[in-house]
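Examination of the molecular architecture
Okay, here's what each chain looks like letter by letter:
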Amino acid sequence: MNLSMIQIILVVLVAFLAGMEGILDEFHFHQPVIACTLVGLVTGQLLPCVILGGSLQMIALGWSNIGAAVAPDAALASIASAIILVLGGQGRAGVSSAIAIAIPLAVAGLLLTIITRTLATGIVHLMDGAAKEGSFRKIEFWQIVAICLQGLRIAIPAALILALGAGPVKSLLSSMPSWLTDGLSIGGGMVVAVGYAMVINMMASREVWPFFILGFVFAAISEITLIGLGAIGISIALIYLTLSKKGGNSNGDGGSSNTGDPVGDLIDKY
Amino acid sequence: MVNQIKLSKKDRISVWWRSTFLQGSWNYERMQNGGWAFTLIPALKRLYKTKEERSEALTRHLEFFNTHPYVASPIIGVTLALEEEKANGAPIDDVTIQGVKVGMMGPLAGVGDPVFWYTVKPIVGALAASLAISGSIIGPILYFVVWNAIRMGFMWYTQELGYRAGSKITEDLSGGILQDITKGASILGMFILAALIERWVNVDFSPVKVSSIKQSAGAYIDWSKLPSGAAGIKEALIQQSSGLSLTEYKVTTLQDNLNQLIPGLAALLITFLCMWLLKKNVSPIVIILGLFVFGVVMHVLGVM
């Protein structure tokens, strides 16, 4: 599918927004479910892009920038794979191969993020100079430059893919054999676990593992919707907090220190 | 102290808006320092008028700073209060201000990460994603509106809280409310995570047939004895709903056997494997790529 000039400009703008948000983490334009939808909106292929966004969001649930760590880059993954999906022109049929493309893109985006964050170190030194002069305007200027760099981090690759055009992208997608695409979508079904594992490793403690078991068993009852599960989870958390205050303080506040982690310990032994 | 300089509500709203760009110049040397200075500029403009004062203030706020971007708001609030007092002549030195910032950023990041990244984001994200996968535009809209309403509300409320409480907020942090929120969030988080693993991690061993038993006559639909045409279809559907098998052979797959233990067991084991690998400091990207390779290989072998 070929895009008009206006559509190309809009896609690059969306990519710029997603790149900014990749570092800011505030409005979440870089989250797949939003970023892919926006690309779909400006290119007129809303439905396949929304589906792609939803699928990638499931994989990216646990990807977060924590401390100085950089998560796999959802921004480049969602923008670039959405553009490839649109250019490929396969509609909904192209979604699963677009998901497979998104993962190596997330790694590429990670590298770009690290480069940009290193460049920002230079910018901060320029800010030091501006601070010596007491110049508010210069600090503001450099902050905006830094944010724009992050925007360009996604906008430039997006423009490159658009420049390459539908031809090469389409032939690349159609040259993939079915055993590979099927296998990749099976892999995609399992990849979601990595994100969850990252989050569990951060949150787990002796005190909260029973709630994990409860959640797993409740979810096996397929009649309960996700909203229903959320309601059960909130109720259990509230009940536990209330009861643990009434039950006296025999154990002090041992729960607040996240050290006891039996499953984690078990895993560590192997 | 006749002319007390006060920060107006407009100044504080301006600071709140700018705190959206806190991480814009995130760097490996002093992390969020540039964004922090950028955020405080409307307040510093109001409080300090001479070049020397402004230069000192900016240098003071370009020191190392890093926390969760949303829980930075209460710290910003407290800093605004401290700067206001300082500008009005209170003996507050740079070390005090930096001390308050550093003292608050650690514990607050410990609240922000589990609450926002591990609880709110996975839950809102999973809800929106499951709507989006089925092709509903409500999914992305829901995510955007809910996420930003929570975020913007939280940031404004806690910044104001910090501003009012001033330096006293550090004492509040050791209080029970924050601990309850953190603990409640991790309970809810663990519960929902387990549910998501059961629902959304797909490991399917259906191609592996464990047994194939020929069933006795009458236990399956005998297609050759059905009347032809629509009447035959009707008869077949009636027989099926009364519990007759569609085929002569009853096939049990490995997946059926696993589901009898509990559905989603293989997904759970994959997750534990990932946790173990992550604890061994295997990069998540390597695990992700490995799972893709594993999926392709198993598919080619006819196991998955």
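Residues numbered from 1 in each chain as written. Chains lettered and ligands numbered in written order. Predicted model: local features only at pLDDT ≥ 70, side-chain atom pairs only at ≥ 80, totals over all residues. Heavy atoms only, no water.

Some remarks on the overall build of chain A
Helix and strand content of chain A: eleven helices and zero strands. Mapped from its N terminus to its C terminus, chain A presents α and β elements in the order α-α-α-α-α-α-α-α-α-α-α. Looking at the 270 residues of chain A, the share that counts as buried comes to 56%. Taking all contacts inside chain A whose residues are at least 6 apart in sequence as the whole, residues at least 24 apart take part in 75%. Of the accessible surface of chain A, which amounts to about 11,000 Å², a share of 71% is contributed by carbon and sulfur atoms. (Helix = DSSP H or I, 4+ residues; strand = E, 2+ residues; numbered from the N terminus. Buried < 20%, exposed > 50% of the residue type's maximum accessible area, 1.4 Å probe, protein only. Contact = heavy atoms within 4.5 Å. Areas by Shrake-Rupley, 256 points an atom, 1.4 Å probe, with all protein chains shown as cover.)

Remarks on the UniProt feature "transmembrane region" (unreviewed entry) in chain B
Residues and elements named next belong to chain B. Residues given the UniProt feature "transmembrane region" (unreviewed entry) here are residues 123–146, 258–278 and 284–303. The annotated region residues 123–146 carries 83% helix and 0% strand content, and the separation between its end C-alpha atoms amounts to 11 Å. The span residues 258–278 carries 86% helix and 0% strand; its end-to-end C-alpha distance comes to 26 Å. (UniProt positions renumbered as here; feature names shortened; annotations may be inferred.)

Concerning the interface of chain B and chain A
Listed per partner, the contact involves 105 residues of chain B and 113 residues of chain A. Taken together, both faces of the contact between chain B and chain A bury some 9,800 Å²; the carbon and sulfur share is 75%. Interface area lost by chain B to chain A is led by Met190, Phe191 and Phe292 of chain B, which between them contribute 8%. The interface formed by chain B and chain A includes four salt bridges. A salt bridge links Lys183 of chain B to Glu207 of chain A; the nearest nitrogen and oxygen atoms lie 3.3 Å apart. One can count 21 residue pairs in polar contact (both at pLDDT 80 or more) joining chain B with chain A. For the side of chain B that touches chain A, the secondary-structure elements that each account for two or more residues are α1 (9–18), α2 (33–47), α3 (51–60), α5 (94–133), α6 (138–165), α8 (176–200), α11 (265–279) and α12 (284–301) of chain B. Looking at which element gives the most residues to the side of chain B that touches chain A, the answer is α8 of chain B, with 19 residues. Class assignment for the residues of the side of chain B that touches chain A results in 64 nonpolar, 26 polar and 15 charged. (Buried area = accessible area lost by both parts, 1.4 Å probe. Salt bridge = Lys/Arg side-chain N within 4 Å of Asp/Glu carboxyl O. Polar contact = N/O pair within 3.5 Å; in protein donor to acceptor, adjacent residues only side chain to side chain. Nonpolar A, V, L, I, M, F, W, Y, C, P; charged D, E, K, R; others polar.)

Side note on the nonpolar core
The biggest cluster of nonpolar side chains holds 118 residues, and the ones touching the most others in it are Leu52, Trp63, Ile79, Ile83, Tyr196 and Ile200 of chain A together with Val203 of chain B. Taken domain by domain, the makeup of this core includes at least three residues from each of domain 1 (9–200) and domain 2 (209–301) of chain B. Counting residues in each nonpolar core, the second largest holds 37 residues, with Ile139 of chain A together with Ala43, Ala72 and Leu80 of chain B among its members. (Core = buried A, V, L, I, M, F, W, Y, C linked by side-chain atoms within 4.5 Å. Domains from an automatic or database assignment.)

Some thoughts on the packing of aromatic side chains
Here the structure, examined in full by the defined rule, presents 20 aromatic pairs over all chains. Relative to Phe212 of chain A, the ring of Trp209 of chain A lies with its centre 4.9 Å away and its plane at 75 degrees, an arrangement referred to as edge-to-face. One end of the pair is Trp209 of chain A and the other is Phe212 of chain A, both in helix α9 (residues 209–220) and three residues apart, which spans about a single turn. Consider the rings of Phe116 of chain B and Trp147 of chain B, whose centres lie 6.5 Å apart with planes at 75 degrees: the pair is edge-to-face. (Phe/Tyr/Trp six-rings, centres within 6.5 Å; stacked < 30°, edge-to-face > 60°.)

Section: the pattern of salt bridges
Opposite charge on two side chains permits pairing when their charged atoms draw close. Residues and elements named next belong to chain B. Summed over all chains, the structure comprises 14 salt bridges over all chains. Among the ionic pairs, Arg60 bridges to Glu83, the shortest N-O distance being 2.9 Å. With Arg60 in helix α3 and Glu83 in helix α4 (residues 72–87), this pair connects stretches of sequence that are 23 residues apart. Accessibility assignment for this pair places Arg60 and Glu83 in one class, buried. A salt bridge links Glu198 to Arg199, with the nearest nitrogen and oxygen atoms 4.0 Å apart. Taken together, the salt bridges that share partners define one network made up of Arg60, Glu83, Lys86 and Asp94.

Side note on empty space enclosed by the protein
All names here are of chain A. Considering all chains together, one arrives at two cavities of 30 Å³ or more under this definition. One number sums up the size of the second largest cavity: a volume of about 50 Å³. Surrounding the second largest cavity, Pro32, Leu56, Ile59, Ala60, Trp63, Ala74, Ala77, Ser78, Ala102 and Ile103 form its lining. Those elements that place two or more of their residues in the lining of the second largest cavity are α3 (46–60), α4 (74–88) and α5 (95–133). The residue inventory of the lining of the second largest cavity, partitioned by class, reads nine nonpolar, one polar and no charged. (1 Å grid on protein atoms, 1.4 Å probe; cavity = no way out; pocket = protein on both sides within 12 Å on 5 of 7 lines; lining within 4 Å. Points joined across faces, edges and corners; volume = space filled by probe spheres on them.)

Some words on a nonpolar patch on the surface
Residue and element names in this part refer to chain A. A cluster of nonpolar residues, Met5, Ile6, Ile9, Leu10 and Leu13, forms a patch on the protein surface that exposes about 510 Å² of accessible area. Mapped onto the fold, Ile9 is located in helix α1 (residues 5–24). Note on Ile9: relative accessible area 47%, which makes it partly exposed. (Patch = residues over 30% accessible without salt bridge, like charges linked within 9 Å, V, L, I, M, F, W, Y side chains within 5 Å.)

Notes on unusual backbone geometry
Residues and elements named next belong to chain B. Unusually for a residue other than glycine, Met31 sits at a positive phi of about 55 degrees. Structurally, the position occupied by Met31 is in the loop between α1 and α2. Although it is not a glycine, Asn281 adopts a positive phi angle of roughly 60 degrees. In this fold, Asn281 is placed in the loop between α11 and α12.

Things to note about the confidence of the model for chain A
Per-residue pLDDT for chain A has a mean of 83; in total, 86% of the residues score no lower than 70. With pLDDT under 50 throughout, residues 250–259 of chain A is counted as low confidence; its partners more than four residues away or in other chains account for six contacts. (pLDDT = per-residue confidence, 0-100.)

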